[in-house]
Amino acid sequence: MNILIVYAHPESQSLNGSLKDFAVSHLQAAGHNVQVSDLYAMQWKAALDAGDNTAPAPGPFKPSQDSQRAYKNGTQSPDIAAEQEKLQWADTVIFQFPLWWFSMPAIMKGWVERVYAYGFAYGVGEHSDKHWGDRYGEGNMAGKRAMLMVTTGGWEPHYSARGINGPIDDLLFPINHGILHYPGFTVLPPLVFYRTDRTDETRYAHMRHELAERLNTLDSTSPVPFRQQNGGDYDIPALTLKADITPERKGFAAHLK
Ligand code: FAD
C-alpha cells in the first residue's frame, strides 16, 4: 500500500516524533511505501490567502472562487499541488497530531484549508436540488482510507460519555466526518493515546504495540459507519435525515448507521 502520514509536531524528539518514526519503520518493514508530510519541518504555510494562486484574478480576493480557478487552471501554489499529488498517490492517509485545544494544531488545519481546494475536496460532482455534490462518502478521496492518530494530555475518562471534556468521538467528529468523510475517505476509528504527558518506557512499549496492531490492520479494520449523503438516508435539498431514520437519535451520533 501507499501510505501518507500527515504529521504535526514541532519537536522531532517528542513522543509524537518517536511514534511517527516507529510508524514509518514499521510500515516500511511490512513492505508499504510511505511518505510523510512533516508540516513543521516543511515550514508549511498555514494561512490561506491570495498568494495561494500564482495567477490571481483582479479585484477582491474570494477564497473559494480563487481556489476553484487556481485548481482548474493549474495555477495553484506548488506546495498545495504537491500535497494533492501525495493524496492522490496514497491508498491510506494517517493524520497524526497532539490534541491542542480540543482539535488539531493550527498548522494542520491550515494544511486542510489550503490543500482541500475547490474542485479537489469540495465542489465536486453535480450540484442541483436533486444531488448536492459528491461528498460525505463520495468525492475524489473515495476508495482511500484515513485514520487519526492523536495524543492527549487528558485522561481517558475525561473523554468518556460523561467526561468533562466531552466524548472523544464528538470532539473528533468535525475532523472525521467534516474533513475525512466529506471528500470521500473511508474513515477508520481513531487511535487515541490518552494521558501521555507522563509516559515511561513501559507505557511507551505498550503504545508501540497498540500502534503496530493498528498499522497491521489498516486494510481490514472496520470503518466508522458514517452514512452516505447520497445513500438514501437524507432528504435533499434539506439534507436532514429522513423522518423514519433513527428518529430517537439527534446530534452527531445520528449520522452513524
Ligand atoms: P511529549 O511532551 O514529547 O512527551 C510526553 C511524554 O512522553 C514525556 O513524559 C516524555 O518524556 C515521554 N516520551 C517522549 N518520547 C518518548 C520515547 N521515545 N519513549 C518513552 N517516552 C517518551 N491535552 C488535552 O487532553 N486536551 C487539549 O485540548 C490539549 N490542548 C493543548 C494545547 C496546547 C497548546 C498544548 C501545548 C498542549 C495541549 N494538551 C491538551 C496536551 C497535549 O495534548 C499533550 O501534551 C501531547 O499530546 C503530548 O504529546 P507530545 O508528543 O507533545 O509529548
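Residues numbered from 1 in each chain as written. Predicted model: local features only at pLDDT ≥ 70, side-chain atom pairs only at ≥ 80, totals over all residues. Heavy atoms only, no water.

The protein appears in an unreviewed UniProt entry as NAD(P)H-dependent oxidoreductase from Rahnella bonaserana.

On to the overall build of the protein, then. Looking only at helices and strands, the protein features 7 helices and 8 strands. Relative to its length of 257 residues, the protein is compact, with a C-alpha radius of gyration of 19 Å against a globular reference of 18 Å. The buried share of the protein, taken over its 257 residues, is 45%. Accessible surface computed for the protein: about 12800 Å², of which carbon and sulfur atoms make up 52%. Distance between charge centres in the protein, computed from 23 positive and 28 negative side chains, equals 4 Å. (Helix = DSSP H or I, 4+ residues; strand = E, 2+ residues; numbered from the N terminus. Rg over C-alpha atoms; globule rule 2.2 N^0.38 Å. Buried < 20%, exposed > 50% of the residue type's maximum accessible area, 1.4 Å probe, protein only. Areas by Shrake-Rupley, 256 points an atom, 1.4 Å probe, with all protein chains shown as cover. Lys, Arg positive; Asp, Glu negative; His and termini not counted. Charge placed at Lys NZ, Arg CZ, Asp CG, Glu CD.)

Attention shifts here to empty space enclosed by the protein. Going through the model one piece at a time under the given rule, you end up with 1 cavity of 30 Å³ or more. Forming the walls of the largest cavity are 14 residues, and the residues nearest its centre are Asp-52, Asp-66, Ser-67, Ile-80 and Arg-114. Looking at the lining of the largest cavity, the elements that each hand over two or more residues are helix H2 (63-73) and helix H4 (106-115). When residues in the lining of the largest cavity are grouped by element, the largest group, 4 residues, is from H2. Residues of the lining of the largest cavity, tallied by class, amount to 6 nonpolar, 3 polar and 5 charged. (1 Å grid on protein atoms, 1.4 Å probe; cavity = no way out; pocket = protein on both sides within 12 Å on 5 of 7 lines; lining within 4 Å. Points joined across faces, edges and corners; volume = space filled by probe spheres on them. Nonpolar A, V, L, I, M, F, W, Y, C, P; charged D, E, K, R; others polar.)

It is worth spelling out the UniProt feature "domain: Flavodoxin-like fold" (unreviewed entry) in the protein at this point. The feature "domain: Flavodoxin-like fold" (unreviewed entry), as annotated in UniProt, sits at residues 1-214 in this numbering. Annotated as 35% helix and 14% strand, the span residues 1-214 places its first and last C-alpha atoms 15 Å apart. (UniProt positions renumbered as here; feature names shortened; annotations may be inferred.)

What follows deals with the site of the ligand. Near the ligand, the surroundings consist of 21 residues, among which His-9, Thr-151, Gly-154, Tyr-159 and Asp-197 are the closest. In the environment of the ligand, an oxygen atom lies 2.8 Å from a nitrogen or oxygen atom belonging to the side chain of Asn-16. Note that an oxygen atom of the ligand is positioned 3.1 Å from one of the backbone N or O atoms of Gly-153. For the shell around the ligand, the element with the highest residue contribution is helix H1 (residues 15-29), accounting for 3 residues. (Near = heavy atom within 4 Å. Polar contact = N/O pair within 3.5 Å; in protein donor to acceptor, adjacent residues only side chain to side chain.)

A separate point is the pattern of salt bridges. Within this structure, the stated rule accounts for 10 salt bridges. One salt bridge connects Asp-233 with Lys-257, and the closest N-O pair in it is separated by 3.3 Å. Of this pair, Asp-233 sits in the loop between helix H7 (201-216) and strand E7 (234-235) while Lys-257 sits in the segment after strand E8 (240-241), and the two are 24 residues apart along the sequence. Judged by relative accessible area, Lys-257 falls into the exposed class, the value being 60%. (Salt bridge = Lys/Arg side-chain N within 4 Å of Asp/Glu carboxyl O.)

Leu-87, Phe-95, Phe-97, Trp-111, Tyr-116 and Leu-180 are the most contacted members of the largest nonpolar core, which totals 37 residues. Of all the elements in the fold, those that place two or more residues in this core are strand E1 (2-7), strand E3 (92-98), H4, strand E4 (145-151) and helix H6 (173-181). No other element matches the 5 residues that H4 contributes to this core. Not counting the four nearest positions on each side in its chain, Tyr-116 is found in contact with Leu-87, Trp-111, Ala-121, Tyr-122, Ile-179, Leu-180, Pro-183 and Phe-185. The next biggest cluster of nonpolar side chains, apart from the first, holds 19 residues, and it includes Ala-23, Val-24, Leu-27 and Met-147. (Core = buried A, V, L, I, M, F, W, Y, C linked by side-chain atoms within 4.5 Å. Contact = heavy atoms within 4.5 Å.)

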